[in-house]
Amino acid sequence: YGEGGQLTQQVKERPAAVVLLDEAEKAHPEVLDVLLQILEEGCLTDGTGERVSFRDAVVILTTNLGSRELSARRAPGFVRPDRGDESRETVLRAVKSALRPELLGRLDGVILFHPLDEGARRAILRRELEGLASRCRAQGTTLRWTAAAEDHLLRESGEEALGARTLRRAVERAGEEPLARYLLTHGEGGELCLDWDGSGFSLRPENAPAPAGA
């Protein structure tokens, strides 16, 4: 993201942008120097010598700093509500030891995130399933799922501390891969139902009877 990089071009085209620097602690020091210039001056000079304004952009840094000091069962960078103050101080100490004071001093605030509770994880799971259903509709196929399938996907995705990535992988294993095989064999169109019968997931036509014992 130095001079002439993609960052200035993208912000030039979309001034009201969100600039995300993920896992900022891993960035090269020169990248953090560029970031400091943006935060201090509100602009950056590109490779053509043009000054690009960042005054309408929102700059967000994420970091896992402090995660090693927290419980191994807690998601990196996330804190438990009942130990918020203690965890916040732990994370802030790690952040202050790794990032330069002049950079931290130009940030509007530091936000710590709580682990995803079951309600949030279920909402994310449904979004992933809806995304899969939307892709099916684009191919002329209607996809639905049972409450049993949704509940087991939530359990299968692991603990709350593992975050949302495991939810996406669970949907890929139970939904996307079997669906691709089914459509290759039976063709597109019709209505399908993703179900959990107590021992495994099944993908069947909507009006077909559920497997025995389901």
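Residues numbered from 1 in each chain as written. Predicted model: local features only at pLDDT ≥ 70, side-chain atom pairs only at ≥ 80, totals over all residues. Heavy atoms only, no water.

Participant: Any chance you could explain the sheet that holds strand 5 (residues 141-145) here in plain terms?
Facilitator: Think of a sheet as strands paired side by side through backbone hydrogen bonds, with each pair either parallel or antiparallel. With respect to topology, three strands assemble into an open sheet ordered 5-6-7, the strand pairing being mixed. The sheet is open, and its two borders are formed by strand 5 and strand 7 (201-205), each paired with just one other strand. This sheet shows a mean twist of 20° between the axes of neighbouring strands, independent of strand direction. The pairing of strand 5 with strand 6 (residues 190-196) spans five bridges and is classified as parallel. Within strand 6, the residue paired with Arg144 across the bridge is Cys193. Where helix 5 (residues 118-138) meets the sheet, its contacts fall on strand 5 and strand 6, and the angle it forms with strand 5 comes to roughly 160°. (Pairing = 2+ DSSP bridges. Helix = DSSP H or I, 4+ residues; strand = E, 2+ residues; numbered from the N terminus. Axes fitted to C-alpha atoms, helices over the stretch in contact; angles between N-to-C directions. Contact = heavy atoms within 4.5 Å.)

Participant: What is the right way to read the packing of helix 5 against helix 6 (residues 147-156) from this model?
Facilitator: For any two helices packed against each other, one specifies the inter-axial angle together with the distance between the axes. Viewed as axis vectors pointing N to C, helix 5 and helix 6 meet at an angle of 115°, and their least axial separation amounts to 10 Å. Our pair here, helix 5 against helix 6, has a crossing hand that is right-handed. Contacts between helix 5 and helix 6 involve Glu118, Arg121, Arg122, Leu125, Arg126 and Leu129 from the first element and Glu150, Asp151, Leu153 and Leu154 from the second. Among the residues making up the contact of helix 5 with helix 6, the classes are represented as four nonpolar, no polar and six charged. (Left-handed = near helix turned anticlockwise from the far one by under 90°. Nonpolar A, V, L, I, M, F, W, Y, C, P; charged D, E, K, R; others polar.)

Participant: What is the right way to look at the environment of Tyr182 in this model?
Facilitator: Among the structural elements, Tyr182 can be located in helix 7 (residues 165-186). Taking the C-alpha atoms as reference points, Tyr182 and Arg204, separated by 22 residues in sequence, lie 8.9 Å from one another.

Participant: Sorry, what's going on with the nonpolar core here?
Facilitator: Soluble globular proteins tend to pack their nonpolar side chains together in the buried interior. Ranked by internal contacts, the top residues of the largest apolar core, which has 22 residues, are Leu125, Leu129, Leu143, Leu179, Leu192 and Leu203. Those elements that provide at least two residues to this core are helix 5, strand 5, helix 6, helix 7 and strand 6. In terms of residue count, the dominant contributor to this core is helix 7 (seven residues). Beyond its immediate chain neighbours, meaning those up to four positions away, Leu192 contacts Thr141, Thr142, Leu143, Arg144, Leu179, Tyr182, Leu183, Leu203, Arg204, Pro205 and Glu206. With 13 residues, the next largest nonpolar core counts Ala24, Val91, Val95 and Leu103 among its residues. (Core = buried A, V, L, I, M, F, W, Y, C linked by side-chain atoms within 4.5 Å. Buried < 20%, exposed > 50% of the residue type's maximum accessible area, 1.4 Å probe, protein only.)

Participant: I'm lost on helix 7 in this one. Help?
Facilitator: The α-helix advances 3.6 residues per turn, and as a result positions three or four apart in sequence lie on the same side. Its 22 residues give helix 7 an end-to-end C-alpha distance of 30 Å, which sits within 8% of 32 Å, the value for a rise of 1.5 Å per residue. Glu172 marks where helix 7 bends most, by close to 40°. Taken together, the buried positions of helix 7 are occupied by Thr166, Leu167, Ala170, Val171, Ala174, Gly175, Leu179, Tyr182 and Leu183. Against helix 5, strand 5, helix 6, strand 6 and strand 7 lie the buried residues of helix 7. (Expected span 1.5 Å × (residues − 1). Bend = angle between axes of the 7 residues up to and from the residue.)

Participant: How should the pattern of salt bridges be read in this particular structure?
Facilitator: Opposite charge on two side chains makes pairing possible when the charged atoms of those side chains draw close. In the structure shown here, the tally under the stated rule is 16 salt bridges. Residue Glu150 is joined to Arg126 by a salt bridge in which the shortest nitrogen-to-oxygen separation is 2.9 Å. With Glu150 in helix 6 and Arg126 in helix 5, this residue pair connects regions lying 24 residues apart in the sequence. The exposure class of Glu150 is buried, given its relative accessible area of 7%. (Salt bridge = Lys/Arg side-chain N within 4 Å of Asp/Glu carboxyl O.)

Participant: How should I be thinking about a nonpolar patch on the surface in this particular structure?
Facilitator: On the surface, a cluster of nonpolar side chains totalling about 350 Å² of accessible area is made up of Val18, Leu20, Val58 and Ile60. Among the secondary structure elements, those contributing two or more residues to the nonpolar patch are strand 1 (18-21) and strand 4 (58-61). Structurally, Val18 can be placed in strand 1. For Val18, a relative accessible area of 58% corresponds to the exposed category. (Patch = residues over 30% accessible without salt bridge, like charges linked within 9 Å, V, L, I, M, F, W, Y side chains within 5 Å. Areas by Shrake-Rupley, 256 points an atom, 1.4 Å probe, with all protein chains shown as cover.)

Participant: Before we go on, may I ask you to explain the environment of Thr90 in this structure?
Facilitator: Here Thr90 is to be found in helix 3 (residues 84-98). Looking at Thr90, the relative accessible area reads 13%, which means it is buried. Considered as a pair, Thr90 and Leu65 are 25 residues apart in the sequence and their alpha carbons are 9.3 Å apart.

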